[in-house]
Amino acid sequence: MPIANIQVSETPLVLFTLRRADDALILGHRLSEWCGHAPTLEEDMALANMGLDLLGQARELYSYAAKVEGKANDEDKFAYLRDVRQYRNLLLVEQPNGDFARTMVRQFFYAAFADLYWRAMMQSKDATLAAIAAKSEKESAYHLRHASEWVIRLGDGTEESHRRAQTAIDDLWSFTGEMFAIDDSDRGLIDAGIAVDPAPLQPQWLKTITAVANEATLALPASNWMQQGGRSGRHSEHLGHLLSELQSLQRTFPGATW
Amino acid sequence: MYTQALNTSDADDRNVEDAARAAAFQARIGADERIEPNDWMPAAYRKTLTRQISQHAHSEIVGMLPEGNWITRAPTLRRKAALLAKVQDECGHGLYLYAAAETLGSSREELVDAMLAGKAKYSSIFNYPTLTWADIGTIGWLVDGAAIMNQIPLCRCSYGPYARAMIRVCKEESFHQRQGFEIMLTLCRGTDEQKAMAQDALNRWWWPVLMMFGPPDKASQHSDTSTKWKIKRFSNDELRQKFIDATVPQAQFLGLTIPDPEMKQDEAGHWVPGPIDWEEFKQVLAGNGPCNRDRLAARRKAHDEGAWVREAAAAYAEKRKRRQFAQAAE
Amino acid sequence: MATPNSPLWEVFIRSRNGLSHKHVGSLHAADATLALQAARDIYTRRGEGLSIWVVPSNAITASDPSEKGMMFEPAESKIYRHPTFYDVPEEVGHM
């Protein structure tokens, strides 16, 4: 008998923390899929490092969500016993790795946001979130550096790499708007100085993206139509497959300790 | 971190180019001096080392695959982080080892191409599949345990770059075996299903792990030169026995049964195993293990699909150099 | 088709402030920026470093081991360069 999904009391702070944790876990999981398969040994090491950073962020955030919620949930219950509709991550981070260009562009879009976001979150009135932000900001800054260098090389490398990088940008662009959206649940936290309003960060994000894209001889899409839904559990088809793999042991052997 | 005694003999050792230099070289080895990359060395020493170090490197890289198979399915976030870090370490170890081999004059690319072409060997153990989570525990506990037995003496091997790489590797590996044993202990203290999973994994991995040490001494007439050159400091059987003696009490602690009904303890306290199926070993080395084709295919796929990325980086570096040159000329 | 060779780099790391950079190993990278990042990702995973140098391996000029005698043995006889060469009575104390 497969174990039932956990119930989560999504108070604004729990929901806020879970959204950040899910972003980190899902993107970290995607990066971990590269392990053993990267274009060079050096890049295999780099992808695993970024994956481990994100996995670490996810664990701290889940533990904090569990503490705030104050029920029987913990990091593993959040990760392994919520269904796709209960996951709260951005659509961007669940997109499949595709080729190396797609992975790097995805990382680039997210890290450029995360770097700004965590830096702003260091001012959070919530001491735990501020501490997690301080650690995550340094990690994100490096991810941004690393991904930017690759986007530049792929864009301005060969014809093939340029084509692949441009395709990745075109395909992933519509998932970037969601990073800057908020809902009613966030608003109270923002007013209380616990969370940061991401909307004002967008111009700076766009500036970073544009500068790197220019150097990479890549074009940013003109379209402003943005996909939404991840924050409320309306995901792409990809997340279900990711979770079925991630959760397989916990679901097959309910209640076991690993 | 896995090296295997696969060395074959080097007949060309006999036509050493310069007898006096060869004697001086052997005297340095005898005095426990380290040989460094630019030092004169017999061609056969260079060849033996290049082969052994590159096989060792290939083993690390191919060895990422069976464990990597479980990174996305690790049952807790703690286990997932540890496994990712461990498999990443193996990548690093492969990288250190390729660098050590490169000091002997072959490029990493040549060495990797030989492996991808099926012309170079890697440890036979990685041609077995990881079917359950207990396999991850067993690999850490036994495969890394066996590897450490092999690698610790290599920290003192005569070739400086190899010895230094092994020191770094052994330092980093110290958590790998503990990680594996902890997984096994958790399974053995868990549900009946988990304990059965642990026993099943031990049953499947035990004999292939014993084969990791290479053929029995009486069948491997080729390690003489490696011993003379202090590349190899213990025989296959010595290391295998050391491993078995260390492992049997650990299995007992876990409450697992070693799948060898003929194993007994001799008067000296050594655990003597039943006969090892060397035909299986030969077949796996010859390419007929359960996963040989899958492993090579996975490495070729990563290599081929990475080609355009490596080309892009090279093209960009070239462009940047030209631009800097043009700027300087202005 | 043979895989084209990529440039080799030597990595030097300062593990603590006050110490000099020490050679720790090598890596492959297409250019200096990637080499520096790779050095960080490969050689400082366990907090081993505070500063990294990467140098193209082919930029290193090395002494020839066969000239070891000429290069280094002449220094061995100059024992007067070491403090232990000089006798100072114990009563003088540490000097």
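Refer to the structure printed above.
Now for a description of the structure that goes with this document. (Residues numbered from 1 in each chain as written. Chains lettered and ligands numbered in written order. Predicted model: local features only at pLDDT ≥ 70, side-chain atom pairs only at ≥ 80, totals over all residues. Heavy atoms only, no water.)

1. Focus on helix 10 (residues 237-246) of chain A
All buried positions along helix 10 of chain A are accounted for by Leu239, Leu242, Leu243 and Leu246 of chain A. Down the axis of helix 10 of chain A, the sector holding all buried residues measures 95 degrees, keeping them to one side. Facing away from the buried side of helix 10 of chain A by more than 90 degrees, the exposed set consists of Glu237 and His241 of chain A. At its buried positions, helix 10 of chain A is contacted by helix 1 (12-32), helix 3 (75-80), helix 4 (91-94) and helix 11 (248-252) of chain A together with helix 4 (77-102) of chain B. (Buried < 20%, exposed > 50% of the residue type's maximum accessible area, 1.4 Å probe, protein only. Helix = DSSP H or I, 4+ residues; strand = E, 2+ residues; numbered from the N terminus. Arc of directions from axis to C-beta. Contact = heavy atoms within 4.5 Å.)

2. With respect to unusual backbone geometry
Residues and elements named next belong to chain B. Positioned with a positive phi, Asp32 is a non-glycine residue whose angle comes to about 60 degrees. Looking at the element boundaries, Asp32 is found in the loop between helix 1 (19-30) and helix 2 (43-62). With a relative accessible area of 48%, Asp32 lands in the partly exposed category. A positive phi angle, near 55 degrees, is found at Lys230, a position not held by glycine. Secondary-structure assignment places Lys230 in the loop between helix 9 (223-228) and helix 10 (236-254).

3. A few points about the pattern of salt bridges
Under the counting rule described, the total for this entry stands at 43 salt bridges over all chains. Taking the shortest distance from any N to any O, the salt bridge between Arg28 of chain B and Asp39 of chain B comes out at 3.2 Å. One end of the pair, Arg28 of chain B, is in helix 1; the other, Asp39 of chain B, is in the loop between helix 1 and helix 2, and 11 residues separate them in sequence. Of the two residues examined, Arg28 of chain B and Asp39 of chain B, each falls in the buried class. A salt bridge links Glu172 of chain B to Arg46 of chain C, with the nearest nitrogen and oxygen atoms 3.7 Å apart. Separated into two different chains, Glu172 of chain B in helix 7 (residues 160-188) and Arg46 of chain C in the loop between helix 1 (32-43) and strand 3 (51-56) make up a pair that spans both. Glu172 of chain B gets classed as buried once you look at its relative accessible area, which sits at 4%. For Arg46 of chain C, a relative accessible area of 37% puts it in the partly exposed group. One connected set of salt bridges, linked through shared partners, spans Asp89, Arg168 and Glu172 of chain B together with Arg45, Arg46 and Glu48 of chain C. (Salt bridge = Lys/Arg side-chain N within 4 Å of Asp/Glu carboxyl O.)

4. Some thoughts on the interface of chain B and chain A
Counting from both sides, the interface comprises 44 residues of chain B and, opposite them, 48 residues of chain A. Across the interface of chain B and chain A, roughly 4100 Å² is buried in total on both sides, 68% from carbon and sulfur atoms. Our enumeration of links across chain B and chain A arrives at 3 salt bridges. Close ionic contact of Lys319 of chain B with Asp156 of chain A constitutes a salt bridge, the shortest N to O distance being 3.0 Å. (Buried area = accessible area lost by both parts, 1.4 Å probe.)

5. Brief notes about the sheet that holds strand 3 of chain C
Residue and element names in this part refer to chain C. As summarised here, the arrangement of the 3 strands in space is 2-1-3, forming an open sheet in which the pairing is antiparallel. Of all strands in the sheet, those with a lone pairing partner are strand 2 (22-28) and strand 3, marking the two edges. Within this sheet the neighbouring strands show an average axis-to-axis angle of 30 degrees, counted without direction. Relative to strand 3, strand 1 (residues 8-14) runs antiparallel, the two sharing 6 bridges. Residue pairing in the sheet places Trp9 in a bridge with Pro56 of strand 3. (Pairing = 2+ DSSP bridges. Axes fitted to C-alpha atoms, helices over the stretch in contact; angles between N-to-C directions.)

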